Amino acid sequence: MTLLALAAGGGSIAYVPLLTVLLPLKITALMGTEDVAALARVTFYGAIIASLANIAFGMLSDRSGTRWPWIVAGLVISSALLIAIGRAEHLAELIVLVMAWQVGLNMMLGPLFAWAGDCVPDSQKGTLGGLLAMAPAMGALAGSFVTFENLVGVEFRLETVAILVALLVLPVVIFGRRQTRPELLVPAASGDDAEAVRAGARSMVARMWLARFLVQIAEAGLFAFLLFWLRSIAANFHENTAANIFSAVLVVSVPISLMLGRWSDRAGRPLAPLVMAATASASGLAIMAVAQGLELAIVGYVLFGIAATIFLSLHTAQTLRVLPKPQHRGRDLGIFNLTNTVPSLVMPWLTLTLVPSFGFAALFALFASLAALAAGLLASTPKRP
């Protein structure tokens, strides 16, 4: 589990520094200005390709019966293309390279998370979820590391990212590729009784998918507009302070996620931490909606940020537990991955509809309602597997 968690952290490092810092800087270097429209085009097309590639390579790793060759191939391809992105000389070339890089990245990530489902028993899925909380924190810290000029030269940033990813992903391939649990790979049985069981599992999967989607809409909104919102309260709020709060939230979330994940394993209540985290997320967003001063606003965001990170980390592991067909685990996880990409397409429309007319308070009130609905969906599950 530790090696899988480190590999997931490597996956986060593979895209967080690029998408949050290095890609905008590259576009500025190419265009001569901070071209928001160009960045939107690059990320929009990349998100579409990422969604399709994650499903495709999950399916291919299902059919091949092995995960690690796809992970290694994806690592090599995505690392080479990451370095090539730094050498792009035109916007059109950059767009093509980012789309190709997304293919290689999801060739690595799709089979990697499916592999976790192949190896980690259901009784330890909560602990796995807690360990997976390290991934976003590692991505954020890597972004800070590679942009610290006294440590990493500007011309070597993308190469450094590629090296960090390889150092974290390769150990699970080298030392863990022979680790299997045959009982987790048995194809779903056929027959009327088995079909009835799968029908109940599909209902649970639908609830899990929708709950994550609802929380991810709020998370995507805060990821994109946190600084704008804080400056609407305090005009001189510094971007470095916002970045430090964001990083601190991710780091603090790790031990809490691990504690809750282990508790859920011991208590046999896999969904309870998800319900609590979604409820806390809604509470944090409600505080943000009514906050007039900076202190209360930051308290609300910290509560939301920690709770949402816990929810998303533990949810990833529990999704592996509820998927009904082990022989299609990679494909089904790819479909779940849409909950990570589609909100980025939905959220801007919600923001443009609400904020100009009603302010951020209305947007956060909507987000709080969505998070509360996610908690209700999971809390009202008829039978918790």
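Residues numbered from 1 in each chain as written. Predicted model: local features only at pLDDT ≥ 70, side-chain atom pairs only at ≥ 80, totals over all residues. Heavy atoms only, no water.

Enquirer: Can you explain a nonpolar patch on the surface? Please cite residues and give values.
Expert: Taken together, Phe44, Tyr45, Ile48, Leu52 and Leu345 make up a surface patch of nonpolar side chains, about 430 Å² in accessible area. Broken down by element, the residue count for the nonpolar patch peaks at four residues, all from helix H2 (residues 36-64). Residue placement: Leu52 occurs in helix H2. Since its relative accessible area comes to 55%, Leu52 is described here as exposed. (Patch = residues over 30% accessible without salt bridge, like charges linked within 9 Å, V, L, I, M, F, W, Y side chains within 5 Å. Areas by Shrake-Rupley, 256 points an atom, 1.4 Å probe, with all protein chains shown as cover. Salt bridge = Lys/Arg side-chain N within 4 Å of Asp/Glu carboxyl O. Helix = DSSP H or I, 4+ residues; strand = E, 2+ residues; numbered from the N terminus. Buried < 20%, exposed > 50% of the residue type's maximum accessible area, 1.4 Å probe, protein only.)

Enquirer: Can you tell me about the environment of Ile287, naming the residues and giving the values?
Expert: On the secondary structure map, Ile287 appears in helix H10 (residues 272-290). The exposure class assigned to Ile287 is partly exposed, which follows from its relative accessible area of 24%. On a C-alpha basis, the gap between Ile287 and Leu222 in space is 14 Å, while along the polypeptide they are 65 residues apart.

Enquirer: Before we move on, could you go through the pattern of salt bridges and cite the residues and values that matter?
Expert: A side chain with one charge can pair with a side chain of the opposite charge if their charged atoms come near. By the definition in use, this model includes six salt bridges. Between Arg67 and Asp62 there is a salt bridge whose closest N-O contact spans 2.8 Å. Among the residues examined, Asp62 registers a relative accessible area of 15% and is labelled buried. Linking Arg67 and Asp118 is a salt bridge whose minimum nitrogen-to-oxygen distance equals 2.7 Å. On the criterion of sequence distance, the pair formed by Arg67 in the loop between H2 and helix H3 (68-86) and Asp118 in helix H4 (residues 91-119) is long-range, its members being 51 residues apart. In terms of burial, Arg67 and Asp118 fall into one category: buried.

Enquirer: An account of the packing of aromatic side chains is requested, with residue identities and associated values reported.
Expert: Scanning all chains against the criterion turns up five aromatic pairs. Here the aromatic rings of Phe364 and Phe367 are separated by 6.4 Å at their centres, their planes lie at 45 degrees, and the arrangement is tilted. With a gap of three residues between them, Phe364 and Phe367 both fall in helix H14 (residues 360-379), about one helical turn apart. Across this residue pair, the class does not change: Phe364 and Phe367 are buried. An aromatic cluster is defined as three or more aromatic residues linked by ring pairs; in this entry it consists of Trp229, Phe360, Phe364 and Phe367. (Phe/Tyr/Trp six-rings, centres within 6.5 Å; stacked < 30°, edge-to-face > 60°.)

Enquirer: How would you summarise the environment of Leu227 if you had to cite specific residues and measurements?
Expert: With respect to the helices and strands, Leu227 occurs in helix H8 (residues 192-233). For Leu227 and Ala242, which are 15 residues apart along the polypeptide, the C-alpha to C-alpha distance reads 6.4 Å.

Enquirer: Run through empty space enclosed by the protein, naming residues and quoting values.
Expert: Where empty space is left becomes clear once a probe the size of a water molecule has been rolled over the atoms. All chains considered together, the criterion is met by one cavity of 30 Å³ or more. Surrounding the largest cavity, Ala14, Ser78, Ser79, Leu82, Trp101, Ala162 and Val165 form its lining. Counting residues per element, the ones that place at least two in the lining of the largest cavity are H3 and helix H7 (157-176). In terms of residue count, the dominant contributor to the lining of the largest cavity is H3 (three residues). Residue classes in the lining of the largest cavity are distributed as five nonpolar, two polar and no charged. (1 Å grid on protein atoms, 1.4 Å probe; cavity = no way out; pocket = protein on both sides within 12 Å on 5 of 7 lines; lining within 4 Å. Points joined across faces, edges and corners; volume = space filled by probe spheres on them. Nonpolar A, V, L, I, M, F, W, Y, C, P; charged D, E, K, R; others polar.)

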